[in-house]
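Okay, here's what each chain looks like letter by letter:
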Amino acid sequence: MYLLVKQQQVARDNLDRKVFLEGLAGTGKTTAGIERVKQLLHAGAPPTRVLVLVPQRATGLPWQEALRRSRAPGGAEVRVTTLGSLARELLELFWPLIAADTGCARPLAPPRFPGLELSQYLMRRFVGDEIERRDYFRGVTISRNRLYTQIVDNLNKSALVGFPPEEIGARLKAAWRGSSEQAFIYDDAQACASLFRAACLKHNLIDFSLLIDILRKQLWPLENARGYLIRRYRHVLVDNLEEDTPTLHDLLGDWLPHCDSALLIYDSEAGLRRFLGADPAQARSLQALCDLSVTLDRRRAMSEDVAALHFAMAKTLGRAEGPLPKHGNGRAALRWPARARWHPQMIDWTVQHIARLVHKEGVAAQEIVVVAPFMPDALRFALQARLDERGVPHRSHRPSRALRDEPEVRALLTFARLAQHAPGLAPDRFDVASALTTAIEAMDPIRARLLADALYRDGGLLPFENITDARLQQRITFQLGERYDRLCGWLAQVPPELPLDLFFSSFFGEVMSQPGFGLHRRESSGATVANLVDSARSFRRLLTELGPAASVNQDYLRMVEEGVLANQYLRDWELDRSEGVLLAPAHTYLMSNRPVDYQFWLNVGSSGWGRRVYQPLTHPWVLSRHWEAGRKWLDADEEAAGAESLANVALGLLRRCRKRVYLGISEYGERGMEERGPLLLALHNMQRYLMPEGDGV
Amino acid sequence: MFRPRPAQARILAWRGGKMGVSAVPGSGKTATLVALAARLVRAGGLAPGQEVLVVTLVNSAVNNVAARLAQELQDSSDQLPGMVGFRVRTLHGLANDVVKERPGLAGLAEDFRVIDEREARDIMQEAVDGWLRGNPEVAGNWLGESFQQNRKVLQQDWPHLMRDVAGRYIRQAKDEELDADHLRELLRGQGMSLPLADSCQAIFESYESGLRYRGGVDFSDLIRLALRVLKSDADYLARLQRRWPWILEDEAQDSSMLQERILRLLAGPQGNWARVGDPNQAINESYTTANPNFLRDFLEEADVASYDMPQSGRSAAAIYHLANGLIDWSLQHPQPDVRRRQPLEPPYVEPAPPDDPQKNPDDVDGYPHLHHEALSADEERSLVLRSLGHWLPQNPDSTVAVLLPTNASGSKLVEQLRAAGLPYRENLISTDGARAVSGSLCRSLEYLANPHHSAHLSQIYRVWRRDERDREDARRSIKSLTGHLRRLRRTEDYLWPAPGDDWLDDFCGPDASLRQHLDDFRRVLRRWQEAADLPIDQLLLTIGGDLFHTEMEVAMVWSLAVLMRQFAELHADARLPEFTSELRQIAAGRRRFLAMGEQDSGFDPEQHRGVVVVTTLHKAKGLEWDRVYLMSANTYDFPSAMDGDQYFAERWFVRDNLNLEAEVLAQLEALTKDAAYREGGPTRAARALLAAERLRLLYVGITRARRELVITWNTGRQGDMGEAMPVRALREAMAAERAP
């Protein structure tokens, strides 16, 4: 592999040293890191002694893929993981030694680890009634699911940043500058967080925040546990160090002096996961512990035109100074519609240009990405439908999607309700017809409806032979009738108490994926069902241990149907790696770290570009390690946070673009409102730094 | 090119500070405001990110002003679109901007939802129903004796009245920045008996909890919270003051207290704030928190430069003579309580100067015509219909409107126009475009909910060919095929035929083009059926993509899709029948569609020459027609607070003719301002308020006519209504003037 001299310093030389590698996105840092692992392996390092740490599992996929494909000995055995996974492994290993100190009520019983879905459920179960009873959160307007996730988020931040969870409310309150009545919501948030933590301890439930707390307080100080890690992994590499949290940084501070070698990869001007506790400033402090610092500054991704555009944008946003670069025409790297009044016109314009790139200019579809600050289903669907019409392949990834939004899941939930035979759980006739259409191959909506009308009675499906009208049987066809009977027969023999995860996996395996049924040979449906099975299984296991399990199935159905946010499943990301135009929220794309030739930025006027995510019950800046105790969060801080966020996103995107950016602008946003967010303003202001010759389309 | 009259030029010469303008109907105030905004943008004093802020009343006006400004300022096409140094907003739009940028200050999440009118009504009804269940005895305190056991009154009229009364209480409380908790404290602490306030307070609390549960705010909250945000963070306020160094406010007579407070804060003590309006056209006071006195008081402030725009080129001299006569009559109103409220005041309307580009039309003999005859409502409609039947064929290039006090009476007229075969255009609640689009989508969903019914299949076929209905040959073909599809007994033989059963094989025979045509339709329906399992917004986008092609329609589908998604999120159990019913509400015009449907450039009478436009007096504001019929000018729709007048706010089933909305507002005032309260007093005071407002509404109606005005009246449902007092006075004065 061809490497620049500076990359070689990291990848081939200095394999026994601790290196701090810095550079902007698109300068080849990860490439150098992966190469270093290969070289370490070639040099004889046992793969089990090499550890690659990443802020989220998806960021590790390029490492895993590259190492799996490499010829380096044992590449596939190198562990690529996150802080959370390490913590969990340590906790499971050393539980008997620390359990008594954790505060868990049953130190002799094994701990349980609820994910995001379950945490939301548990929050409802442990805290929901108390919120009603005490009339908490009167001063805030927020949906219940979001309220729960923000309480969870506060606990996570306290653990990751390293302050006591009892201080959450006081910290938030001290920084609040609005009306005094509203400040009480932080007391409520504190009360709920404490209540939740107490309930978790009572039931041995180690949610993410408690896991990290225990890591900091019990595991890491424990010589056995720390020594275990230090002895096991002699070569440590950390990618996207700036996107990780102070807890990891603290651990590395202790760990690095004991390593045989280390590589810390730091993306200057990133910090995209600040709202999840990322702390770029803290990350940089680790540079002092390294023997060597290398900065990669040759941009491998951007063309000269895009680099000129990047410079103009950086200058507009106060991130660059000096004269324009001599080479490159930033304006040539930009396109925008001459006129688009309505939102759908912007979508049409986008798809038309994508189709031209793919079909007329021979651009590979995977070299195109469509990003927006948010990618709501309607936008994604409209893009997909239009791309389908023009024969352009596409893929998408939406990390925080509710399980119930998948048609296969909805069909399975309907059949699960049918199998329960419980009063109040009988599904709607439309859902039954719809589920039959999904489940049975060649079943059309008309025949499905005829079937449902004729045979769906009192919450159950009757056999096909119960249709006494021969003409109706003929209309539905005996072939479909036979498949329907197989399906019903299967449902009839299922005991209602069969756990849902088993129900889902058996029903999928024995019916829906079989020849003659709707999900036969549909790989993506398989992955979706697998997610559902995982989710239902974790739910059951946890609830069974919590107490009487009579309503596990019904509780689970209710939870999914209420739209609880799904856990992130790695298999979704793996599926994403197929070829096609990527449709994704801007942050998701940025975190995937894959430059492309062409980018389409949609809803350019949206205020979602470059504005921090407002969460009324939490605050990533105030709960960070750098926030001065008692300082108020002022409008100037808000502006600065917005500016930082805009610069990170806009410049981050440009650094991952090789050839051109298309700006999707419409006068009215999707709700028919005119929008003028900070990105649009910045683009207007940027025009003065671009070459005068216009080539706007 | 806009050539200003002297009064307009004075306004264009504004160099800053505070300015108030009182403008008569048709004086070109919006054109002047646009010219002023354009001048300020062009003057080049705006730093990057700064804008001239124009605030106006309704969405259609926003678009109208924004489009005109954009045209005035059109620059090089090389510029990025979307930012031209100005921002035009309704107050709600502005409040949304203010809150959206710092939602945390208002206790809102990033993705907070503005609950629309209908949803808010449902939440309110839920709260009212819950309260009624727990307090069935309260009805006895308010219902007339003969209605205490009346089942219809108890089950329908009383709950609806309580919803309106509580709604009024809540709106007023929010307008005065009073939250439910604070009011509860006040109620606990006061000694007076305020039973209505007590009831409404319980409903208020339950309503608020309903909103919170849904993560939403209603329209009143949006304004209240914007003010709270501005007051709670001086730095943010200062930033917005820098962003909007110039604030221009149109239709300022309809400003509410909160609107004034918000704009006053945004302008700052030394800021540049121009308010333009016509207190004589304030017609929202009795049912909103708007009040023309805010503008009147502003015009009197010491540091405000006040101007009149008295000249208007819109109407013939005789129309203005009538309008000015109404001002005179109002100044001498026989009822002192009404007079004190200053319903109409000078400036009088003056014609445009002789060299004006918009010269007043000439008078037409016999007009205005104020019909003296007492007619029943049916007779009145027949009279207008006959008159239109004569007039329309002779004036195919002119514009004409029938203005009515209520939507309900408009609907009846529309039925008769349809029956008489006269061309008409409704402009009642929702716009035609929104209704047509939602109607088509509604039928599509109906079909998908019943794919096995051939009647729905034939109906959806008609929808599919909706754009061709103007062609005679297409009409014939649609009729014929619709019939065949309706008679199809097994729809699956067409849509999803089993091998050898394809209906098209038999039906089309060798006719390849017919087969192709029906095959195309089948493909579309299959696509929809496959999409029927998608979330509702995606389903509507799929259908809309096949049915609609104009920019406006496609955009409207998008907005409906977003609206339905929101509905689905709030109603997890909703399925196709529920979505169909929601869309049907919009299609039938029973539900105001607040999104894109009203975001067009507004209703333009010039687009409907030779067609009768039927609209309400309220919706007619800002519009003009060559000929105008103003119907139902009787003592019920235009009372004068005289003995014997009746009032729609005094419900027939409530004891002692009490106006409960007025009573509860007075109880709220007693609670919060230590004012005295005696039952019945507020009802009487509300009569004067309503009489004053209806006078202004009459004034608005009269000044919609360019050349010909016809005013008629009817004797009402019971036959006991008289001719509205001001109309009779004007008619008699006219007769006296015309007498030889």
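Residues numbered from 1 in each chain as written. Chains lettered and ligands numbered in written order. Predicted model: local features only at pLDDT ≥ 70, side-chain atom pairs only at ≥ 80, totals over all residues.

1. Details of the overall build of chain A
Then step 1. Of regular secondary structure, chain A possesses 27 helices and 14 strands.
Then step 2. Computed over C-alpha atoms, the radius of gyration of chain A comes to 27 Å, within 12% of the 26 Å expected from 2.2 N^0.38 for 697 residues, which places it in the range of a compact globule.
Then step 3. Its C-alpha atoms give chain A principal-axis dimensions of roughly 85 × 65 × 60 Å.
Then step 4. Expressed as a percentage of the 697 residues in chain A, the buried residues total 51%.
Then step 5. Once local pairs closer than 6 in sequence are excluded, the contacts in chain A between residues at least 24 apart make up 81%. (Helix = DSSP H or I, 4+ residues; strand = E, 2+ residues; numbered from the N terminus. Rg over C-alpha atoms; globule rule 2.2 N^0.38 Å. Buried ≥ 20, exposed ≤ 12 C-beta atoms within 10 Å, placed from the backbone. Contact = placed C-beta atoms within 7 Å.)

2. Remarks on the overall build of chain B
Then step 1. Within chain B, the secondary structure is distributed over 30 helices and 16 strands.
Then step 2. Dimensions of chain B, computed from C-alpha atoms along their principal axes, come out at roughly 85 × 65 × 65 Å.
Then step 3. For chain B, contacts bridging at least 24 residues in sequence account for 79% of all contacts bridging at least 6.

3. Description of the packing of helix H6 (residues 144-162) of chain A against helix H9 (residues 208-219) of chain A
Residue and element names in this part refer to chain A.
Then step 1. Where H6 meets H9, the closest approach of the two axes is 8 Å, and the angle between their N-to-C directions is 20°. The angle between the axes of H6 and H9 places the two elements in the roughly parallel class. Every pair of crossing elements has a handedness; the one defined by H6 and H9 is left-handed. The segment H6 lies against H9, with Leu155, Asn156, Ser158, Ala159, Leu160 and Gly162 engaging Phe208, Ser209, Ile212, Asp213 and Arg216.
Then step 2. For the contact of H6 with H9, the per-class residue count stands at five nonpolar, four polar and two charged. (Axes fitted to C-alpha atoms, helices over the stretch in contact; angles between N-to-C directions. Parallel < 35°, antiparallel > 145°, perpendicular 65-115°, else oblique. Left-handed = near helix turned anticlockwise from the far one by under 90°. Nonpolar A, V, L, I, M, F, W, Y, C, P; charged D, E, K, R; others polar.)

4. Regarding the domain arrangement of chain A
Residues and elements named next belong to chain A.
Then step 1. Taken domain by domain, chain A comprises domain 1 (5-81 + 234-296), domain 2 (111-211), domain 3 (330-401 + 574-689) and domain 4 (403-564).
Then step 2. Using C-alpha coordinates to define each centre, domain 2 is positioned 36 Å away from domain 4.
Then step 3. Counting residues at the interface gives nine residues for domain 2, matched by nine residues for domain 4.
Then step 4. For the side of domain 2 that touches domain 4, the element with the most residues is helix H5 (residues 116-134), which contributes four residues. (Domains from an automatic or database assignment.)

5. Digging into the sheet that holds strand S6 (residues 246-249) of chain B
All names here are of chain B.
Then step 1. Strand order in the open sheet formed by six strands is S3-S2-S6-S7-S1-S8, with parallel pairing between adjacent strands. Among the strands making up the open sheet, the edge pair consists of strand S3 (86-90) and strand S8 (304-309). If you compare each strand with its neighbour and ignore which way they point, the axes differ by 15° on average.
Then step 2. Inspection of the sheet shows strand S1 (residues 18-23) paired to S8 by six bridges, in the parallel sense. Bridging across to S8, lysine 18 finds its partner in valine 304.
Then step 3. Sitting on the sheet, helix H2 (residues 29-42) touches S1, strand S2 (52-56), S3, S6, strand S7 (272-277) and S8, and the angle it makes with S2 is about 165°. (Pairing = 2+ DSSP bridges.)

6. Describing the environment of Glu523(A)
Then step 1. Inspection of the secondary structure assignment puts Glu523(A) in helix H22 (residues 523-546).
Then step 2. Between the C-alpha atom of Glu523(A) and that of Ser513(A), which follows or precedes it by 10 residues, the distance is 9.9 Å.

7. Concerning the environment of Trp342(A)
All names here are of chain A.
Then step 1. Residue position: tryptophan 342 is located in the loop between strand S7 (334-335) and helix H14 (343-360).
Then step 2. Since 24 C-beta atoms lie within 10 Å of it, tryptophan 342 is described here as buried.
Then step 3. Spatially, the C-alpha atoms of tryptophan 342 and glycine 322 are 39 Å apart, while their sequence positions differ by 20 residues.

8. Some thoughts on the interface of chain A and chain B
Then step 1. Each partner contributes to the interface: chain A provides 67 residues, whereas chain B provides 63 residues.
Then step 2. Elements with a minimum of two residues in the side of chain A that touches chain B: H14, helix H15 (377-389), helix H17 (429-439), helix H18 (445-455), helix H26 (635-655) and helix H27 (678-686) of chain A.

9. Here we look at the pairing of strand S1 (residues 18-23) of chain A
Residue and element names in this part refer to chain A.
Then step 1. Within S1, five of the six residues are buried, which leaves the element mostly enclosed by the surrounding structure.
Then step 2. Taken together, the six bridges between S1 and strand S5 (residues 261-267) define a ladder with parallel strand orientation. Its bridge partner being in S5, glutamate 22 is matched across the sheet by tyrosine 266.
Then step 3. Note that S1 and strand S6 (residues 292-296) share five bridges and pair parallel. Residue glycine 23 lies in a different strand from S6, and its bridge partner there is leucine 296.

10. Here we look at the sheet that holds strand S4 (residues 235-238) of chain A
Residue and element names in this part refer to chain A.
Then step 1. The strand order S3-S2-S4-S5-S1-S6 describes an open sheet built from six strands, whose pairing is parallel. What marks the edges here is a single partner per strand, and that holds for strand S3 (79-81) and S6. On average, adjacent strands in this sheet sit at an angle of 15° to one another, irrespective of strand direction.
Then step 2. One ladder, built from three bridges, connects strand S2 (residues 50-53) with S3; its direction is parallel. Along S3, the bridge assignment pairs valine 52 with valine 80.

11. Some thoughts on the pairing of strand S8 (residues 368-372) of chain A
Residue and element names in this part refer to chain A.
Then step 1. Taking burial as the measure, the five residues of S8 include five buried ones, the bulk of the element.
Then step 2. Residue alternation in S8 divides its side chains into two sets, Ile368, Val370 and Ala372 and Val369 and Val371, and both sets are buried.
Then step 3. Bridge count for S8 against strand S12 (residues 581-585) is four bridges, and the pairing is parallel. The partner of valine 370 across the bridge, within S12, is leucine 583.

12. Things to note about the domain arrangement of chain B
Then step 1. Each assigned domain of chain B is listed with its residue range as follows: domain 1 (6-102 + 223-309), domain 2 (116-213), domain 3 (369-429 + 609-645 + 680-738) and domain 4 (433-588).
Then step 2. The centre of domain 2 of chain B, based on its C-alpha atoms, is set 34 Å off from the matching centre of domain 3 of chain B.

13. So, unusual backbone geometry
Then step 1. Of the consecutive residues Pro346(B) and Pro347(B), the connecting peptide bond is found in the cis state with omega at 15°.
Then step 2. Within the secondary structure layout, Pro347(B) lies in the loop between helix H15 (336-340) and strand S10 (350-351).
Then step 3. The omega torsion across Tyr367(B) and Pro368(B) is 0°, close enough to zero to call that bond cis.
Then step 4. Locating Pro368(B) in the fold gives a position in the loop between S10 and strand S11 (369-370).
Then step 5. A positive phi angle, close to 85°, is found at Thr477(A), a residue other than glycine.
Then step 6. Locating Thr477(A) in the fold gives a position in the loop between helix H19 (470-476) and helix H20 (478-492).

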